[in-house]
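Geometric and topological summary
Here are the chains, one letter per residue:
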Amino acid sequence: MPEYKQLERPNYFHGKLLTAADFQQEQQYHLDGTRRRNRFLRGWGIVSGLNIYIEDGNTVVVSPGFALDCAGNELVLATPEKLSLSCLTGKHYLTIRYLEIPIAETPSLQEEIEFSRTREAVCIELADTNPAADHRGMGAGSPGCGHVHAICIATLSQRDTNWRVTPAKSSRLPKARR
């Protein structure tokens, strides 16, 4: 059963003292609304791109693309990502997950270093287990589990000295929902 929550936003009025918490709540309101729409109107999975191929026999390349995770986070890979397969054998799962990276160090009034920006990013990784293995009945296009975790975009299997890429069928959004 999906989890539903009421959203709150700040109410501004003339003379109101604004604090960092007010602005943070405003940002959170918009993020939560976007994530909820992503989850319930689109579902989770690959929206476009994120094609995978093997280069030079031992490097996996993921092309730029866009996906949504089970929490409704937007996963944007802006440039091709390469991962080495040397020293690996057997079967592995190629995953993408959402990251928030604090950037732009700025001194605060208390003379401590704070970060004035957050960059939304992704991490492409190889895993030994499929992070969506327990998603029975919650395939791509469904609201998913509602939690932030990596999604599998392909399975990599080694046969002799060659690697085989099998795109994860359960990670593509249905065509009608793209």
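This one's a predicted model, so the numbers in the text were calculated from it and none came from an experiment.

Ordered by their spatial adjacency, three strands build an open sheet running S1-S4-S5, and the pairing between neighbours is antiparallel. Every interior strand has two partners, whereas the edge strands, strand S1 (45-49) and strand S5 (74-77), have only one. Across the sheet, the mean angle from the axis of one strand to that of its neighbour is 15°, orientation sign disregarded.

Pairing within the open sheet is antiparallel, and its three strands lie in the order S2-S3-S6. Each edge of the open sheet is held by one strand with a lone partner, namely strand S2 (52-55) and strand S6 (81-84). The mean inter-strand angle of the sheet, taken between neighbouring strand axes irrespective of direction, is 25°. Where strand S3 (residues 59-62) lies against S6, four bridges are found, and the strand directions are antiparallel. Looking at S6, one finds that Thr-59 is bridged to Ser-84.

Bringing the pairing of strand S7 (residues 91-107) into the picture now. The pairing of S7 with strand S9 (residues 151-159) spans six bridges and is classified as antiparallel. In the strand pairing of S9, Tyr-93 is matched with Thr-155. Note that S7 and strand S8 (residues 113-127) share 14 bridges and pair antiparallel. Within the sheet, the bridge partner assigned to Leu-94 lies in S8 and is Leu-126. In sequence, S7 turns back onto S8 through a hairpin of five residues, with Glu-111 there showing a positive phi of about 60°.

Here we come to the side chain of Arg-39. Structurally, the position occupied by Arg-39 is in helix H1 (residues 20-42). A polar atom in the side chain of Arg-39 sits 3.0 Å from the backbone oxygen of Pro-143.

This paragraph deals with the nonpolar core. Counting residues in each nonpolar core, the largest one holds 23 residues, and the members touching the most others are Val-62, Leu-94 and Ile-96. For this core, the secondary-structure elements that each account for two or more residues are S3, S5, S7, S8 and S9. For this core, the leading source of residues is S9, giving four residues. Each residue touching Val-62, except ones within four places of it in the same chain, is listed here: Leu-50, Asn-51, Ile-52, Leu-77, Thr-79, Pro-80, Glu-81, Leu-94, Ile-124 and Ile-153.

This next bit is on H1. Between its first and last C-alpha atoms H1 spans 32 Å; for 23 residues at 1.5 Å apiece the expected length is 33 Å, and the two agree. Burial in H1 covers these residues: Asp-22, Asp-32, Gly-33, Arg-35, Asn-38 and Arg-39. As for H1, its buried residues are in contact with strand S4 (65-68), S5, S7 and S8. Gly-43, located one to two residues past H1, shows a positive phi value of around 90°.

Mean pLDDT over the protein works out to 90, with 94% of the residues at or above the 70 mark. For the protein, the element scoring lowest by mean pLDDT is H1, at 92; S5 scores highest, at 98.

Attention shifts here to the environment of Phe-23. Its place among the elements puts Phe-23 in helix H1. Separated by 111 residues in the primary sequence, Phe-23 and Asp-134 have C-alpha atoms spaced 37 Å apart. Beyond its immediate sequence surroundings of up to four residues, Phe-23 is in contact with Tyr-12 and Leu-18.

In the structure shown here, the tally under the stated rule is five salt bridges. Note that Glu-100 is salt-bridged to Arg-35, the shortest N-O span being 3.4 Å. Placement of Glu-100 in strand S7 and of Arg-35 in helix H1 is noted, with a sequence separation of 65 residues between them. Residue classification places Glu-100 among the partly exposed positions, given a relative accessible area of 44%. Glu-125 serves as the salt-bridge partner of Arg-97, at 2.9 Å between the closest nitrogen and oxygen. On the criterion of sequence distance, the pair formed by Arg-97 in strand S7 and Glu-125 in strand S8 is long-range, its members being 28 residues apart. We classify Glu-125 as partly exposed; its relative accessible area is 28%.

Calculation notes
- Residues numbered from 1 in each chain as written.
- Predicted model: local features only at pLDDT ≥ 70, side-chain atom pairs only at ≥ 80, totals over all residues.
- Heavy atoms only, no water.
- Pairing = 2+ DSSP bridges.
- Helix = DSSP H or I, 4+ residues; strand = E, 2+ residues; numbered from the N terminus.
- Axes fitted to C-alpha atoms, helices over the stretch in contact; angles between N-to-C directions.
- Polar contact = N/O pair within 3.5 Å; in protein donor to acceptor, adjacent residues only side chain to side chain.
- Core = buried A, V, L, I, M, F, W, Y, C linked by side-chain atoms within 4.5 Å.
- Buried < 20%, exposed > 50% of the residue type's maximum accessible area, 1.4 Å probe, protein only.
- Contact = heavy atoms within 4.5 Å.
- Expected span 1.5 Å × (residues − 1).
- pLDDT = per-residue confidence, 0-100.
- Salt bridge = Lys/Arg side-chain N within 4 Å of Asp/Glu carboxyl O.

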